[in-house]
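Chain residues, written in single-letter form:
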Amino acid sequence: MTLAASPAKERVVRPKRPRHLSEAMRCETAFRLILSECLEEVATNHEAISSGDSAALHQTRIALTRLKAAIAFYGPMVADTEWTRLKSELRWLSAHLGATRDLDVAIENSKGLPEEGMLQTARTDAFEALKEALQSDRYWRWFDGMWDWVGSGPWTTRQDPRAAQRRAVPVAVFHARRLARWHGKLCQKSRGLQGMGKTKRHRVRLASKRLRYAIEFSEGGLPPDEYASWRIILKHLRKGQQLLGELNDDEVRRGLLESVDAPAQRAHERKAKHQRVHERKRKSRLLRHAAAVYRKISD
């Protein structure tokens, strides 16, 4: 696998790794495998993003969300001071990626409408800021630092017995326990979904993403019959995430329109009461369907 280490360095050849976990694999090995795949995806899409490819941007955001989900999943085993620093830099990068991606989605949902031009202008500005960030020394320090942390960060050398035990736990044991815990938490969070405010609903959406990715990268790490039951939950999670994602896209689009041209947006809304009625009905329908999906996840 060929990856870019930094713009000033030669490309580094990293060894190919197995694409799935195994039941007996140690947790530290599994963690390195998952994180390496995420970072490889980021590197693969880097040049395309800089060229303006919106699909590559989307794939990079997914890779980084999977990366954060994996780190949260393994929790205490990998938490250390170096990750705290890298996490702060990741927030900076994610903010740039998110700003551009949100505008891409809003533009797609505004085709042919008066606000499309305003969103296109805002997207141009956001992309220039993103491009500058991706070409900066700050970005490459973060990227190289992530590789170093995955391979030899402080978490890898802790000598206390508990830390060593966590690193050595077989994947089948740890993942079964951890997935059950995350599933239980999501079931609690998703209760009363139809009556939730957007903040709590957003937390449900984030928890859904994390559980979905955790199930996906558990493939091979659990016995086939056990993983089959998680595959059913995974199907429902994908549907629930889609529905909550549509609600989130609608809310983000409204916020973007207000930020890029508030007076024009208010005037447009006064002329389009029927549109607001349509949006309320759409929100109600999406929430109703999402609530039904999350009841299936909890069953």
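Please read all numbers here as calculations on a predicted model, not as lab measurements.

Right, let's talk about the packing of aromatic side chains for a bit. For any two aromatic rings, the description comes down to two numbers: the centre-to-centre distance and the angle of the planes. Inspection of the entire model under this criterion finds 15 aromatic pairs. When the centroid spacing of 5.5 Å and the interplanar angle of 70° are considered together, the rings of F31 and Y74 count as edge-to-face. Of the two residues, F31 is situated in helix 1 (residues 27-50) and Y74 in helix 2 (residues 54-74); the sequence distance between them amounts to 43 residues. Taking 5.8 Å as the distance between ring centres and 75° as the angle between the ring planes, the aromatic pair formed by F73 and F217 counts as edge-to-face. Taken together, the residues span a long stretch of sequence, with F73 in helix 2 and F217 in the loop between helix 8 (198-216) and helix 9 (224-260) at a distance of 144 residues. As far as the burial class goes, F73 and F217 line up, both buried. Members of the aromatic cluster, connected to one another through ring pairs, are F31, F73, Y74, W83, W149, W155, F174, W182 and F217. Over the aromatic face of W92 sits the side chain of R138, whose NZ or CZ is 4.2 Å from the ring centroid.

A word on the packing of helix 3 (residues 81-108) against helix 4 (residues 116-134). Interaxial distance between helix 3 and helix 4 falls to 9 Å at its minimum, and their mutual angle equals 155°. Judged on the interaxial angle alone, helix 4 and helix 3 are roughly antiparallel. Helix 3 and helix 4 meet at a crossing whose hand is left-handed. Residues W92, L93, H96, L97, A99, T100, L103, D104, A106 and I107 of helix 3 form the contact with helix 4, whose own contacting residues are E116, L119, Q120, A122, R123, A126, F127, A129, L130, A133 and L134.

Okay, the pattern of salt bridges next. Side chains that differ in sign of charge can pair as their charged atoms come close. Following the criterion strictly, the structure yields twelve salt bridges and no others. Close ionic contact of R253 with E115 constitutes a salt bridge, the shortest N to O distance being 2.4 Å. Placement of the pair is R253 in helix 9 and E115 in the loop between helix 3 and helix 4, with a sequence separation of 138 residues. Of the residues examined, E115 reaches a relative accessible area of 3% and is grouped as buried. Taken together, the shared-partner salt bridges connect R26, E28, R32 and R167 into one network.

Cut-offs and rules
- Residues numbered from 1 in each chain as written.
- Predicted model: local features only at pLDDT ≥ 70, side-chain atom pairs only at ≥ 80, totals over all residues.
- Heavy atoms only, no water.
- Phe/Tyr/Trp six-rings, centres within 6.5 Å; stacked < 30°, edge-to-face > 60°.
- Helix = DSSP H or I, 4+ residues; strand = E, 2+ residues; numbered from the N terminus.
- Buried < 20%, exposed > 50% of the residue type's maximum accessible area, 1.4 Å probe, protein only.
- Lys NZ or Arg CZ within 6 Å of the ring centre and 35° of its normal.
- Axes fitted to C-alpha atoms, helices over the stretch in contact; angles between N-to-C directions.
- Parallel < 35°, antiparallel > 145°, perpendicular 65-115°, else oblique.
- Left-handed = near helix turned anticlockwise from the far one by under 90°.
- Contact = heavy atoms within 4.5 Å.
- Salt bridge = Lys/Arg side-chain N within 4 Å of Asp/Glu carboxyl O.

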